[in-house]
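Structural overview
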Amino acid sequence: MSASGGRKLAHVALLPSAGMGHLTPFLRLAALLVARNVQVTFITPHPTVSLTESQALSTFFASFPQIKQKQFHLLPVEKNSFDPFFNHIELIKSSSHLLPPLLSALTPSLSAFITDMTLASAVIPITQAISLPNYVLFTSSAKMMTLFLSYPTLAGSRVLDDLEETDVIKIRNLELMPKSLVPPPLLQKSDNFLKKSFMEDSGKVTESSGILVNTFVSFEFESLGKINDGEVLERPPAVVAIGPLPPYASEKSRLQLAWLDDQPAGSVLYVSFGSRTALARDQIRELGVGLITSGSRFVWVVKNNIVDKEDSQELEEVIGHELMERINEKGLIVKSWVHQEDILSHPAVGGFLSHCGWNSVMEAAWHGVRILAWPQNGDQKVNADIVERIGLGTWVRSWGWSGEMLVNGAEIAERIRACMGNESLRIQALGIKEDARKAVGFGGSSDKGLTELIGMWNQF
Ligand SMILES: *[C@@H]1O[C@H](CO)[C@@H](O)[C@H](O)[C@H]1NC(C)=O
């Protein structure tokens, strides 16, 4: 793996899709690869959807001058979906014929190309045509991957239509998960972005050179085993767990966290529903009441728009003047994308009320912070189920999907108290942190997986 052997070093290009949930693991992987002497070219679809993405990119390139940035200028097209991020992914896909000249102009020639799973159906035919090994970075859990890989078969057999909510989905004799965990769009009769992606991209991913996944063996032993033992698909591509992808140094800002510095160790609940989910206004208010009633200290990221470029409404307008004043006595409110790393790594933080986006789950595991799961949509119930089973946190299943019901403040308060006061949960979370660090540390399962991949790329 060093230049001293006389071999050329691997040169790998990375292409993320849209949204922070997809961009973050790509940036972390890039940082991890350069630390291991891999040459990295990072291809950035241009323009980005959110300000947060473009800011993350400029901070990243400023701190990694050795990483080459290549802008991938997207074709202008009409918007056709209400979701700006899904729209953008379609746009990247429909611009993908512009990739071959971009890729072949890179020097030295590429050893491998790593793309987001949502781009697989467009990108893999292109890399196949130029005989470039193509890997997919799966940005959700391995458990979600079992569903992703089997979805075309399940949809084709209509088995999903016939099951009750509580029934377990089976493929051949393998139990995947209860139907109740499945992202709702995958169960809809009408066409939608997620269904289309799960049909088309899943089929193509099986033709990739391998799938990298941001998880670790001890965290998702069962799901990784099911895939790699050929129980989900007869001939799966190699699946390599390389997580948790560690946050890189410049993910920490020099944000003034004086308030947090003054709080006792482990006393603060961090509340965030991720970069994409905006709660309804009445639910934001109930959550505010719940936080105050719980008596816990908290840092709360409030968001009431999906794309930050549109975030203009004043917070006080959303939660009201009186509630705002009471909240300010007990907590810190942040209304924008925060550097989650600043908060989760802070010793004062002992709990995380989270939507369970996969990056957030991996970050909580990395820092040993227990989770109170409140999944909102997409893969988040699948992820919350993993969190609960492994003992990283608790989940109130009856709260349902986003907007299904209004969860009242008193109940939220009670669950916060139970989670923050649970000593065994605190200890379990610290044990998971140790496992996570072991996995990526020298000789750990994720370290070995990545080392083998780089060894192969060095020889290409
Ligand atoms: C703490 O959480 C665990 C789940 O990991 C649960 O089984 C246990 O009952 C909780 N303890 C208390 C005292 O609530």
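Rules of the game
- Residues numbered from 1 in each chain as written.
- Predicted model: local features only at pLDDT ≥ 70, side-chain atom pairs only at ≥ 80, totals over all residues.
- Heavy atoms only, no water.
- Near = heavy atom within 4 Å.
- Polar contact = N/O pair within 3.5 Å; in protein donor to acceptor, adjacent residues only side chain to side chain.
- Areas by Shrake-Rupley, 256 points an atom, 1.4 Å probe, with all protein chains shown as cover.
- Nonpolar A, V, L, I, M, F, W, Y, C, P; charged D, E, K, R; others polar.
- Core = buried A, V, L, I, M, F, W, Y, C linked by side-chain atoms within 4.5 Å.
- Buried < 20%, exposed > 50% of the residue type's maximum accessible area, 1.4 Å probe, protein only.
- Helix = DSSP H or I, 4+ residues; strand = E, 2+ residues; numbered from the N terminus.
- Domains from an automatic or database assignment.
- Contact = heavy atoms within 4.5 Å.
- Buried area = accessible area lost by both parts, 1.4 Å probe.
- Salt bridge = Lys/Arg side-chain N within 4 Å of Asp/Glu carboxyl O.
- Phe/Tyr/Trp six-rings, centres within 6.5 Å; stacked < 30°, edge-to-face > 60°.
- Lys NZ or Arg CZ within 6 Å of the ring centre and 35° of its normal.
- pLDDT = per-residue confidence, 0-100.
- Pairing = 2+ DSSP bridges.
- Right-handed = clockwise from strand over helix to strand, strands pointing away.
- Axes fitted to C-alpha atoms, helices over the stretch in contact; angles between N-to-C directions.

Overview of the site of the ligand
Around the ligand, the neighbouring residues are N422, S424, L425 and Q428. At a separation of 2.3 Å, an oxygen atom of the ligand approaches a polar side-chain atom of N422. Out of a free accessible area of 370 Å², the ligand has 38% covered by protein chains. Counted by class, the shell around the ligand contains one nonpolar, three polar and no charged residues.

Regarding the nonpolar core
One finds L149, F219, Y270, V361, I371 and L392 to be the most contacted residues of the largest nonpolar core, which totals 69 residues. Sorting elements by how many residues they give to this core places helix α6 (residues 142–157) first, with eight residues. Among the domains, domain 1 (4–248 + 439–457) and domain 2 (254–436) are the pair contributing at least three residues each to this core. With residues near it in sequence (within four places) discarded, Y270 still touches V299, V301, V338, Q340, I343, L344, V349, G351, F352 and L353.

Looking at the domain arrangement of the protein
When cut into domains, the protein gives domain 1 (4–248 + 439–457) and domain 2 (254–436). Counting from both sides, the interface comprises 36 residues of domain 1 and, opposite them, 31 residues of domain 2. Taken as a group, L181, F219 and P247 account for 23% of the area that domain 1 buries against domain 2, more than any other trio of residues on that side. Here domain 1 and domain 2 share two salt bridges between them. Note that E363 and R28 form a salt bridge whose closest N and O atoms lie 2.7 Å from each other. Taken together, the links from domain 1 to domain 2 amount to nine residue pairs in polar contact (both at pLDDT 80 or more). The set of elements that each furnish at least two residues to the side of domain 1 that touches domain 2 consists of α1 (20–35), α2 (51–63), α3 (84–94), α6 and α18 (423–440). The biggest single contributor to the side of domain 1 that touches domain 2 is α1, with five residues.

Some remarks on the packing of aromatic side chains
All chains considered together, the criterion is met by 16 aromatic pairs. On the numbers, 5.5 Å between centres and 75 degrees between planes, the contact of F60 with F61 is edge-to-face. An aromatic cluster of at least three residues, connected via ring pairs, comprises F42, F60, F61, F64 and Y248. The ring of W366 has R437 lying over it, and the distance from NZ or CZ to the ring centre is 3.9 Å.

Observations regarding the confidence of the model for the protein
On average, residues of the protein carry a pLDDT of 90, and 93% of them reach 70 or more. Below pLDDT 50 for its whole length, residues 1–6 participates in seven contacts with residues either more than four positions away or in separate chains.

A closer look at the pairing of strand β8 (residues 210–213)
Here β8 shows no split at all, with G210 and L212 on one side and I211 and V213 on the other all buried. The pairing of strand β5 (residues 134–138) with β8 spans four bridges and is parallel. Within β8, the residue paired with Y135 across the bridge is G210. Across three bridges, the pairing between β8 and strand β9 (residues 239–241) is parallel. Pairing of I211 across the sheet is with V239, part of β9. Since β8 and β9 lie parallel, the crossover through helix α9 (residues 221–228) that links them has a hand, and here it is right-handed.

A few points about the sheet that holds strand β13 (residues 349–354)
Backbone-to-backbone hydrogen bonds pair the strands of a sheet. The strands run either parallel or antiparallel. The strand order across the open sheet built from six strands is β12-β11-β10-β13-β14-β15, with neighbouring strands paired in parallel fashion. Here the strands that pair on one side only, and so sit at the sheet edges, are β12 (331–334) and β15 (393–395). Averaged over neighbouring strand pairs, the angle between their axes works out to 15 degrees when direction is ignored. Strand direction decides the pairing type here: strand β10 (residues 268–272) and strand β11 (residues 297–301), joined by four bridges, are parallel. In the strand pairing of β11, V271 is matched with W300.

Structural notes on the environment of G288
Among the secondary structure elements, G288 is positioned in helix α11 (residues 281–294). Separated by 21 residues in the primary sequence, G288 and S267 place their C-alpha atoms 18 Å from one another. Here G288 is in contact with W300, L323 and I327, once residues within four sequence places are set aside.

Observations concerning the side chain of N359
By the secondary structure assignment, N359 is in helix α15 (residues 358–367). For N359, a relative accessible area of 11% gives the class buried. With residues near it in sequence (within four places) discarded, N359 still touches M20, G21, T24, P25 and N214.

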